[in-house]
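# Coordinate inspection notes
One-letter residues, chain by chain:
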Amino acid sequence: MPIEQKTEAERFPSFPILLADLMLEAMFGPLIVTQPSIQCSFSFPLGQDKTNKRYMLLAIDRRKKLLKYLRRTRYEVFENVCTQLGVQYTFPPEYYRKATQRWVAKKALCLKVFQEVRKIRAAERQRRKAVAAEREQSVSKEGTPV
């Protein structure tokens, strides 16, 4: 007896399906829906439900991708979809890395080393300029040999 294979849409009839419906409706006009949309809330009360959590994260990523595309192409439709879904768009952070104590200490050390190297190079440049200026003065004092 074969096991029934459910599609992802049948297993998780949540917001990505609604978003896809809203996008299609915005682009091609009203859709005829044969069955009502089902909102399901994801909660993990007792144990870890890793499979459902994974599919929820995949659905959220798909929704973000669709919203990003819609925002880029048709902004007024994007705003309408966001209000219908009750989603507030926020820009992603510029920098994703979490600053750990080790990373902060390493960064501080690198900055100190960089500043010390700059000081040493500036002193070396000053010394070279002084030597070059001294050499010019000695040549000009001696005069030109005839």
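Look a little higher up for the structure.
In this report, the structure presented in the accompanying data block is examined. (Residues numbered from 1 in each chain as written. Predicted model: local features only at pLDDT ≥ 70, side-chain atom pairs only at ≥ 80, totals over all residues. Heavy atoms only, no water.)

Further remarks concern a nonpolar patch on the surface. A cluster of nonpolar side chains, Leu109, Val113 and Val117, forms an exposed patch at the surface whose accessible area comes to about 240 Å². By the element assignment, Val113 lies in helix α5 (residues 101-142). (Patch = residues over 30% accessible without salt bridge, like charges linked within 9 Å, V, L, I, M, F, W, Y side chains within 5 Å. Areas by Shrake-Rupley, 256 points an atom, 1.4 Å probe, with all protein chains shown as cover. Salt bridge = Lys/Arg side-chain N within 4 Å of Asp/Glu carboxyl O. Helix = DSSP H or I, 4+ residues; strand = E, 2+ residues; numbered from the N terminus.)

With that out of the way, let us pick up the packing of aromatic side chains. For any pair of aromatic rings, geometry is given as the distance between the ring centres together with the angle between the planes. Evaluation of the coordinates by the stated rule reveals 2 aromatic pairs. Ring geometry for Tyr75 against Phe78: centres 5.5 Å apart, planes inclined by 40 degrees, an arrangement best described as tilted. With Tyr75 and Phe78 both in helix α4 (residues 75-85) and 3 residues apart, this pair spans about one turn of that helix. The exposure class of Phe78 is buried, given its relative accessible area of 3%. Summarising the aromatic geometry, the rings of Phe78 and Tyr89 are spaced 5.4 Å apart at their centres and angled 85 degrees between planes, so their arrangement reads as edge-to-face. With Phe78 in helix α4 and Tyr89 in the loop between α4 and α5, this residue pair connects regions lying 11 residues apart in the sequence. A network of ring pairs unites the aromatic residues Tyr75, Phe78 and Tyr89 as a single cluster. The ring of Tyr55 carries Arg54 above its face, with NZ or CZ at 5.3 Å from the centroid. (Phe/Tyr/Trp six-rings, centres within 6.5 Å; stacked < 30°, edge-to-face > 60°. Buried < 20%, exposed > 50% of the residue type's maximum accessible area, 1.4 Å probe, protein only. Lys NZ or Arg CZ within 6 Å of the ring centre and 35° of its normal.)

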